[in-house]
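Commentary on secondary and tertiary structure
For reference, the chains in residue letters:
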Amino acid sequence: MTLTDLLVPTYRQMLQMLRGLLEKAQQQLPDQAESLLTARLADDMLPLAAQVRFAAFQAQEAIFRLRGQRIPEWLDAIAAEGRHAGDSPGTIADATARLDDALSMLAEVSAEALDGAADLAISIALPGGLTFDMTGVRYARDWALPQFYFHVVTAYAILRHQDVAIGKAEYVPYMFAYRRPDAAVAG
């Protein structure tokens, strides 16, 4: 399995899932949907608006890093939006647009785009001077996917905590493509 085979489908199906969760929130709580963007799991955590933006950012950032490219300014702007989402959460339409933009970018990634990246040297510099050096495969395994899933799962948990009626089936809707035709669905 190549890094492209692992990352791109994973990012696409999880971003589509997150988009679906935002749609469900809007349908179920139309009068509260916009205020959900400021909801947090804990006071020291970022709100839903930030979690969505960071999920979109993380998926796209990995593609640039694993192609050995600089992160473009427009993508850095999404990360900045995420960092400031507590003060400027935007709207559900804004959050959905960020997901749609990320999905469009991922749809254009060629099937072999990341194939030579396994041994690529990647450095991640965090605020405060902490820097991590790793190979492409370790970056994908130890940073890109965990960071991405953190934001996706946190967004899911915020929506659940705010009484949006979602469950495991909404979190992994793509799994139903693998369902045996004769399998019973627990109700």
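Glancing now at the packing of helix H3 (residues 48-66) against helix H6 (residues 136-161). Contact pair H3 / H6: the axes reach a minimum separation of 8 Å and the direction vectors enclose 160°. One way to sum up the angle between H3 and H6 is to call them roughly antiparallel. Seen along the crossing, H3 lies across H6 with a hand that is left-handed. Classifying every residue of the contact of H3 with H6 gives 15 nonpolar, 6 polar and 2 charged.

All right, on to the packing of helix H1 (residues 3-28) against helix H5 (residues 92-107) then. Closest axis-to-axis distance for the H1/H5 pair is 10 Å, and the angle between their directions is 160°. Comparing their axes, H5 and H1 come out roughly antiparallel. Crossing handedness for the pair H1 and H5: left-handed. Taking contact as the criterion, the partners of Val8, Tyr11, Arg12, Leu15, Gln16, Leu18, Arg19, Leu22 and Gln26 in H1 are, on H5, Ile92, Ala95, Thr96, Leu99, Asp100, Ala102, Leu103, Leu106 and Ala107.

So, on to the pairing of strand S2 (residues 131-135). For a regular strand, side-chain orientation follows a simple rule: the groups alternate between the two sheet faces. Looking at chain direction, strand S1 (residues 121-125) and S2 are connected through 5 bridges and run antiparallel. Within S2, the residue paired with Ile122 across the bridge is Met134. Between the end of S1 and the start of S2, which pair antiparallel, lie 5 residues, with Gly128 showing a positive phi angle near 95°.

The next subject is the pattern of salt bridges. Two side chains that carry opposite charge are able to pair once their charged atoms sit near each other. Counted under the stated rule, the structure contains 7 salt bridges. Across the pair Arg53 and Glu81 runs a salt bridge, and its minimum N-O distance is 2.8 Å. Here Glu81 lies in helix H4 (residues 73-83) and Arg53 lies in helix H3, a separation of 28 residues in the sequence. Among the residues examined, Arg53 registers a relative accessible area of 4% and is labelled buried. Ionic pairing is found between Arg141 and Asp142, a salt bridge with its closest N-O pair at 2.7 Å. Arg141 gets classed as exposed once you look at its relative accessible area, which sits at 52%. Residue Asp142 is classed as partly exposed on the basis of its relative accessible area, which comes to 44%.

About the thresholds
Residues numbered from 1 in each chain as written. Predicted model: local features only at pLDDT ≥ 70, side-chain atom pairs only at ≥ 80, totals over all residues. Heavy atoms only, no water. Axes fitted to C-alpha atoms, helices over the stretch in contact; angles between N-to-C directions. Helix = DSSP H or I, 4+ residues; strand = E, 2+ residues; numbered from the N terminus. Parallel < 35°, antiparallel > 145°, perpendicular 65-115°, else oblique. Left-handed = near helix turned anticlockwise from the far one by under 90°. Nonpolar A, V, L, I, M, F, W, Y, C, P; charged D, E, K, R; others polar. Contact = heavy atoms within 4.5 Å. Pairing = 2+ DSSP bridges. Salt bridge = Lys/Arg side-chain N within 4 Å of Asp/Glu carboxyl O. Buried < 20%, exposed > 50% of the residue type's maximum accessible area, 1.4 Å probe, protein only.

Such coordinate-based values are descriptive only and should not be taken to indicate function.
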